[in-house]
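# Chain and residue survey
In case you want the letters, here they are:
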Amino acid sequence: MPQQQTSLTESIGRLYPHAKPILPRLARGLVCALGASLMALAIPQVLGALVNETLKVDGDGGAVWAAVAVVLVLGALEAVFIALRRQFVIRPATTVENQMRVSLYRHVQDMTVAFHDRWGSGQLLSRAMTDLNLIRRWLAFGMIMLVVVALTILIGITLMLITSWRLGLIFLVASVPIVLYGFRFRTHYRIVSRLSQDQTGDLATTVEESVHGIRVLKAFGRGRQALDSFTEQAEELRATEIRKARSLATVSLIVSMIPELALGLALVVGVLSVADGQLTIGALVSFFATAAVVAAPVESLGPLMAMTLTAKTAIDRHFEVMDETSSITEPEHPRPVKHLSGAVEFDNVHFKFPDTPAAGMDLLNGVGLTLKPGETMALVGITGSGKSTLLQLVARLHDVTGGSIRFDGTDLRQFSTSDIRSHVAVAFEDTTLFSSSVRDNVLLGAGEQGDEALAEALDVAQAHFAYELPDGVDTLIGEEGLSLSGGQRQRIALARAIAAKPKVLVLDDPLSALDVGTEELVTERLRQVLEGTTTLIVAHRSSTVALADRVAVLQHGAINAVGPHAQLLATNEHYRYIITSLDDEETAGQDPDEVLS
Ligand SMILES: Nc1ncnc2c1ncn2[C@@H]1O[C@H](COP(=O)(O)OP(=O)(O)O)[C@@H](O)[C@H]1O
Ligand SMILES: [Mg+2]
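Residues numbered from 1 in each chain as written. Chains lettered and ligands numbered in written order. Predicted model: local features only at pLDDT ≥ 70, side-chain atom pairs only at ≥ 80, totals over all residues. Heavy atoms only, no water.

A separate point is the domain arrangement of the chain. A common measure of how large an interface is: the accessible area buried when the components associate. Along its sequence, the chain is organised into domain 1 (15-322) and domain 2 (344-589). On a C-alpha basis, the centroid separation for the pair domain 1 and domain 2 is 56 Å. Contacts between the two partners involve five residues from domain 1, matched on the other side by four residues from domain 2. For the pair domain 1 and domain 2, the summed buried area comes to about 370 Å², and 58% of that belongs to carbon and sulfur atoms. Summed over the shared surface of domain 1 and domain 2, the result is zero salt bridges. For the pair domain 1 and domain 2, the interface holds zero residue pairs in polar contact (both at pLDDT 80 or more). Counted by class, the side of domain 1 that touches domain 2 contains two nonpolar, two polar and one charged residues. (Domains from an automatic or database assignment. Contact = heavy atoms within 4.5 Å. Buried area = accessible area lost by both parts, 1.4 Å probe. Salt bridge = Lys/Arg side-chain N within 4 Å of Asp/Glu carboxyl O. Polar contact = N/O pair within 3.5 Å; in protein donor to acceptor, adjacent residues only side chain to side chain. Nonpolar A, V, L, I, M, F, W, Y, C, P; charged D, E, K, R; others polar.)

Turning next to the pairing of strand β10 (residues 534-538). Counting buried positions over the five residues of β10 gives five, a clear majority of the element. Of the two faces of β10, the one carrying Thr 534, Leu 536 and Val 538 and the one carrying Thr 535 and Ile 537 are both buried. For strand β3 (residues 376-380) and β10, the ladder comprises four bridges, and the chain directions are parallel. Bridging from a neighbouring strand, Ala 378 pairs with Ile 537 of β10. Taken together, the five bridges between strand β9 (residues 504-508) and β10 define a ladder with parallel strand orientation. Each bridged residue has a counterpart across the sheet, and for Leu 507 the counterpart in β10 is Ile 537. On the question of chirality, the crossover connecting β9 to the parallel β10 by way of helix α17 (residues 516-530) is right-handed. (Buried < 20%, exposed > 50% of the residue type's maximum accessible area, 1.4 Å probe, protein only. Helix = DSSP H or I, 4+ residues; strand = E, 2+ residues; numbered from the N terminus. Pairing = 2+ DSSP bridges. Right-handed = clockwise from strand over helix to strand, strands pointing away.)

Taken together, Asp 117, Phe 353, Asp 355, Leu 363, Ile 382, Thr 383, Gly 384, Ser 385, Gly 386, Lys 387, Ser 388 and Thr 389 make up the full set of residues near ligand 1. For ligand 1, an oxygen atom lies 2.6 Å from a polar atom in the side chain of Ser 388. Contacts to ligand 1 include Thr 389, whose side-chain N or O atom sits 2.5 Å from an oxygen atom. Taken by itself ligand 1 offers 560 Å² of open surface, and the protein chains cover 61% of this. (Near = heavy atom within 4 Å. Areas by Shrake-Rupley, 256 points an atom, 1.4 Å probe, with all protein chains shown as cover.)

Written out as structure tokens, the structure reads:
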């Protein structure tokens, strides 16, 4: 994961575009918070006058009552300002949080498959939930309070200096070590808070993976090991949290202890000054009352700084995801798709996964193949030869690293990706079903068409079992719903590809989990449907190959032969090897050279 150093202000500055619409409300919240602080600071001033008035020999009783009334009003105003502040900031901050979450989700959706290979799901999850939550709380509370607290301390100390410069100076000097320690704290806390948030994300990934793989873990009796490694990760996170808490505790201790010491010293000096007649009792009272008002903001400095640093980390983590650019770019002027005949052409296609070593042969090393409109082409090759990868290129899940793939003579990179995806339907090897009804799963790419498309697709895929589920085609399947068998899942996925009624259909071994009888039925029906649809189908069994008009053999990153099944069988040794081994479980998928030697 990319991670770059940014300063606190740079990070916070990046929030500006999101926070801009709510800035007026935040400003109003800030004014209210400041108002509350000023009221609190004004009370000691009145108090000082009150004490001096009371002590006067010929004091005016009316003035005392007036001062009491003023204090009461100030106190009431303070409470009103605090309530208003809450009112102003809570809703707008949740709006920002929601907006940022939606834009993150949209961004993640736009990213390539390669991005998702790189980023753990837990990292994305914790960034979408926890980090944005932290940012919201900071916007609504931390940011405003930090400004208000700083201003309150500043005004408070100024008032204290005005009341008595000598006593005020004691506090000013005392603030020096606090500020110095504050810098150290910032550096340290920033590191541990980043660590803690990253570890939380990794932990989420672990939970996600083990929940997903629970069957495998159980079946292999690996529950214990999974628990151990989880415990270890959780321990690491706990240790980081303790470091975080220690760091905060130290700063809190310093921030509250030093002012206490200053207060003690000021008390001695203050009493002596009063005795000398250099200070009135009222001024002394007002000074300490102000010091008491300032004490609370000073104590909240530590937690507020911690909150700000955590928010900075959260902002950084958010923008790390947002800064990732998709390598699949939309063309500036997409070619409109009016009518596609369905001709697909692979012209000297090269492809290599980004994280594979630079040296060495490309995985796809000059694939050349032409599919005529409506043709069904089977793709065969040994395991790992790049068949699935080639199919993903057709849906533009990756971009070719050399050469081009053309639909009706136009490079597919000149179409908008949404156009491509509405004309190309896929069924991948690892069938993914969403937590939704059978109907929604099948009609995922089908657009407007309704029940008719559903019925036909389920019929072709021989997925009649769907009608017998507890709620028929409205039964919830996928992760949160009813579990289906591998063969059932595969047939739903096949139905989904068919229901989209695409011009180009790409099927990755769609019948592998079916029993022979069902496979025959599906093959029969597929043959009728595929007429008029250009189809590229990865085949692992000779019965699937029989579906195709022609067969292409992928070997060493290139198409080594193309032709009808019978012809290839007679003329191509590699093909003969694959076909015989495909139907012979023993040697299926092994490298022919290894088997022959
Ligand atoms: N996301 C990926 N990142 C890096 N390498 C990959 C990725 N997916 C597949 N590969 C590698 O590419 C090769 C071809 O894989 P694949 O296209 O799935 O082969 P096939 O479908 O013919 O069995 C394999 O060696 C595999 O390890
Ligand atoms: Mg494959």
